[in-house]
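# Examining the three-dimensional arrangement
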Amino acid sequence: MIEIKDVTKKFGRKKVLKGVSFTAEKGQITCLIGINGVGKTTIMKAIMALTPINSGEILIDGEKIHKGSYEKITFIPDTITMLPQMKIRDAFVFMADFYDSWNQKRATELLQFFKLNETDRISELSKGNTAKVNLLLGLALDVDYVLMDEPFSGIDIFSREQIANVFTSHLIENRGVIITTHEINDIEHLVDKVVLLDEGVVLKEFEVEEVRENEGKSVIDVMREVYQG
Amino acid sequence: MSVKFNNRDPVYVQVIRHFKEQIARGTFEPGQEIPSRRELANQLKINPNTAQRAYKEMEEQGLIFTEGNLPSRITKDEQTLKMVREELILEAVDTFVQSVRSINVPVQEALHLVKDTYERENN
Amino acid sequence: MKRYLKLVDFEFNRFLKLYLVLFGITILSQIIGVIVESRNYLNHANRVIYQDLVPIAEFLENYRTISLIEISYSAWFMGPIVICGVTLIIYVFFIWYRDWLGKNTFSYRLLMLPIARIHVYLAKATTILLYVLGLVALQLILLPIESQVLKWMVPSEFRTDLTISQITGLSDLRILFPHTFIEFVLYYGGGITAVFIVFTAILFERSFRIKGIIYGVLYCAISLFIFMAPILMNEFILGSYFYPIELFFIELVAGIVVLACAIWTGNFLIKNKIRV
């Protein structure tokens, strides 16, 4: 379980996170929703210790992040984290060199799934394919938790469908996933839990099936209530 | 297999309904093997946890059964299969009756129209 | 340890192409320099001897023979050394900023490696050190070759053949090739410490951005002050109380303190404060 406890974060005088708390379970897909600039990406960076927080605590399976944690949790930002001049194959070698959790078999499988070519140079890939390689590099790690920042934004519809298919496959099964989006439509039926954010605070945290069952509301209905009510 | 889900009903309920329809229609035969929960999630593009929940509910309702480590199958119990069919028919009738009632159509007229339309479509 | 070495290997290869260009420039320019400078010398000698009819013995007395030391002061020879030096100084900054700037988010990857982050810092420093040592080694290999070229170009009575030790000891090359242990510690120890200080200052900037520039500059000033404190005290307060050798060892200690602080602070920043 990933626990975010009362996290605050300031950029200069501007408070971007004002006491954010929520949890994300292993085996579940948790979706952070909010318009751009509400601190979704900052939360992910904070979980990965890629930006310091001012107060609060973040625990991964009960412990603070340390170097070994990066074999257990990974972050897929919305831009590729490999050198552009590398070929996909070189990126694989780099990952295998540094991560015990790198699963080459799965990487090859994903390569076929996404119909990518390992001799392609990253800088020469289309936007959609770059996003797929980025996703691949994260998903081919045998980690318990995967954080994805806007995996659907700015790419073509077919790539989106392919990426959405990943969520219903064994590639995600049993892992804990946190995904951010400002647009729930693509994945409404895929997520277990939704955390609604606005201006650095959590407005609501709920299980989607529960809300459908008990209140007969879709995620959009809840959002409408919360943001406009 | 592709299903259009709505966003307001629990997805697992919609999955169960989808199964019931297939059973009533005969697409799923008694004792037929059904996809694993992962395959189902993949086919329907839903969360594997939801597929799991749907199977659990169906198992409890006796719609499907699992023997040991074998894949789950559609029930062979005649009684249950009959009930599924009746349930769906009654549900449809309920919906129909509600809508015709809301515009004050007498039952004779409604039945007549139903018969006509049904026969025309069969031809 | 294995991953640290892999990281060094990775960082080393990232700049290899440009580094090899530096090698090429140095080799070409210095060899051409030897040829051009010896030609100039011979042309001059010919003019003096055949046109002005000065006897060879008198010419040699007035104008001296040519050796690699004279050549080493030419732009052909010093130019590439300066170019390499300046390039490496720029790369001390670029080795960090290339991972952050532009669309490149490789810094994410580096900071998410399952290794202590100080290894990233040390690997970058090691890379710079290896680059410096590589260029020094190249110079060391080039000198005997250049001696040979000089022998082909200039008749023996007009040139002075020097050993590598003489060439490096008697010219400005002495900075690259220290001849005593004290010089070695001063030049290379000082150089390494300076690189670490700049690295830590860069991490200040990367952690606190605009404010970080101020912190970084302050930090450099404080480091420099600690390093200079013994000399300043000896000069202005104690009235040259210490012998030079004593002062050297005190400076050595001050240098080690500054270096240790740089690495400790760098570790703290990259572990707790860095931003992507």
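Bear in mind that the values here come from a model prediction, so they are computed numbers and not experimental data.

What follows is about the overall build of chain A. Looking only at helices and strands, chain A features seven helices and nine strands. For 229 residues, the compact-globule estimate of 2.2 N^0.38 gives 17 Å, and the C-alpha radius of gyration of chain A, at 18 Å, lies within 12% of that figure. Each of the 229 residues in chain A was classed as buried or not, and the buried ones make up 43%. In chain A, the share of contacts with a sequence separation of at least 24, taken over all contacts with a separation of at least 6, comes to 71%.

On to the interface of chain C and chain A, then. Chain C puts 18 residues into the contact, and the matching count from chain A is 20 residues. Among the elements of the structure, α1 (2–14), α6 (106–111) and α10 (244–273) of chain C are those that each provide at least two residues to the side of chain C that touches chain A. Among the elements that make up the side of chain C that touches chain A, the one with the highest residue count is α6 of chain C (four residues).

It is worth spelling out the interface of chain A and chain B at this point. At the junction of the two partners, chain A supplies 20 residues and chain B supplies 16 residues. Among the secondary structure elements, those contributing two or more residues to the side of chain A that touches chain B are α6 (208–215) and α7 (219–228) of chain A. For the side of chain A that touches chain B, the element with the most residues is α6 of chain A, which contributes three residues. Of the residues belonging to the side of chain A that touches chain B, the class tally is six nonpolar, seven polar and seven charged.

By secondary structure assignment, the location of Pro 155 of chain C is in the loop between α7 (118–153) and α8 (164–170). With 54 residues separating them in the primary sequence, Pro 155 of chain C and Leu 101 of chain C have C-alpha atoms 55 Å apart.

Right, let's talk about the domain arrangement of chain C for a bit. All names here are of chain C. The domain architecture assigned to chain C consists of domain 1 (1–177) and domain 2 (178–276). Look at where the C-alpha atoms of domain 1 and domain 2 centre, and you get two points 27 Å apart. Across the contact, 20 residues belong to domain 1 and 16 residues belong to domain 2. Secondary-structure elements contributing two or more residues to the side of domain 1 that touches domain 2 are α5 (75–97), α6 and α7. Looking at the side of domain 1 that touches domain 2, the element that brings in the most residues is α7, giving seven residues. In terms of residue class, the side of domain 1 that touches domain 2 is built from 14 nonpolar, three polar and three charged.

Turning next to the packing of helix α9 (residues 181–237) of chain C against α10 of chain C. The axes of two packed helices give the description: the angle between them and the distance between them. Residue and element names in this part refer to chain C. Running from N to C, α9 and α10 point in directions that differ by 20 degrees, and their axes come no closer than 6 Å. With respect to α10, the axis of α9 lies roughly parallel. Between α9 and α10 lies a crossing of left-handed hand. When its residues are assigned to classes, the contact of α9 with α10 shows 24 nonpolar, nine polar and two charged.

All names here are of chain A. Reading across from one edge, β5-β6-β7-β3-β8-β9 is the order of the six strands in this open sheet, with mixed pairing throughout. Since the sheet does not close on itself, it has two edges, and those belong to β5 (73–76) and β9 (201–207), each with one partner. Neighbouring strand axes in the sheet, compared pairwise and without regard to direction, differ in orientation by 15 degrees on average. Together, β3 (29–33), β5, β6 (145–149), β7 (176–181) and β8 (193–198) form the strand contacts of helix α1 (residues 40–47), whose direction differs from that of β6 by roughly 150 degrees.

Let us look at the pairing of β5 of chain A. Residue and element names in this part refer to chain A. Here β5 shows no split at all, with Ile 73 and Phe 75 on one side and Thr 74 and Ile 76 on the other all buried. Across four bridges, β5 lies against β6 in parallel orientation. In the sheet register, Ile 73 faces β6, and the bridge partner there is Tyr 145.

All names here are of chain A. Overall, antiparallel pairing links the three strands, which are arranged β2-β1-β4 in an open sheet. Each edge of the open sheet carries a strand with a single partner, namely β2 (14–24) and β4 (55–60). When the angles between neighbouring strand axes are averaged without regard to direction, this sheet yields 20 degrees. Across five bridges, the pairing between strand β1 (residues 2–11) and β4 is antiparallel. Among the inter-strand pairings, Lys 5 is bridged to a residue of β4, identified as Glu 57. Along the sheet face, α1 touches β1, β2 and β4 and points at about 115 degrees away from the line of β1.

This brings us to the environment of Pro 52 of chain A. The residue Pro 52 of chain A is located in the loop between α1 and β4 in this model. Residue classification places Pro 52 of chain A among the partly exposed positions, given that 15 C-beta atoms sit within 10 Å. Between the C-alpha atoms of Pro 52 of chain A and Thr 42 of chain A, which are ten residues apart in sequence, the distance is 9.7 Å. The residues touching Pro 52 of chain A, leaving out its near neighbours within four places in the chain, are Asn 272 and Lys 273 of chain C.

With that out of the way, let us pick up the UniProt feature "domain: ABC transporter" (unreviewed entry) in chain A. Taking the UniProt record as the reference, the feature "domain: ABC transporter" (unreviewed entry) is found at residues 2–224 of chain A. Secondary structure across residues 2–224 of chain A comprises 30% helix and 27% strand; the distance between its end C-alpha atoms is 27 Å.

Reading the values: rules and limits
Residues numbered from 1 in each chain as written. Chains lettered and ligands numbered in written order. Predicted model: local features only at pLDDT ≥ 70, side-chain atom pairs only at ≥ 80, totals over all residues. Helix = DSSP H or I, 4+ residues; strand = E, 2+ residues; numbered from the N terminus. Rg over C-alpha atoms; globule rule 2.2 N^0.38 Å. Buried ≥ 20, exposed ≤ 12 C-beta atoms within 10 Å, placed from the backbone. Contact = placed C-beta atoms within 7 Å. Nonpolar A, V, L, I, M, F, W, Y, C, P; charged D, E, K, R; others polar. Domains from an automatic or database assignment. Axes fitted to C-alpha atoms, helices over the stretch in contact; angles between N-to-C directions. Parallel < 35°, antiparallel > 145°, perpendicular 65-115°, else oblique. Left-handed = near helix turned anticlockwise from the far one by under 90°. Pairing = 2+ DSSP bridges. UniProt positions renumbered as here; feature names shortened; annotations may be inferred.

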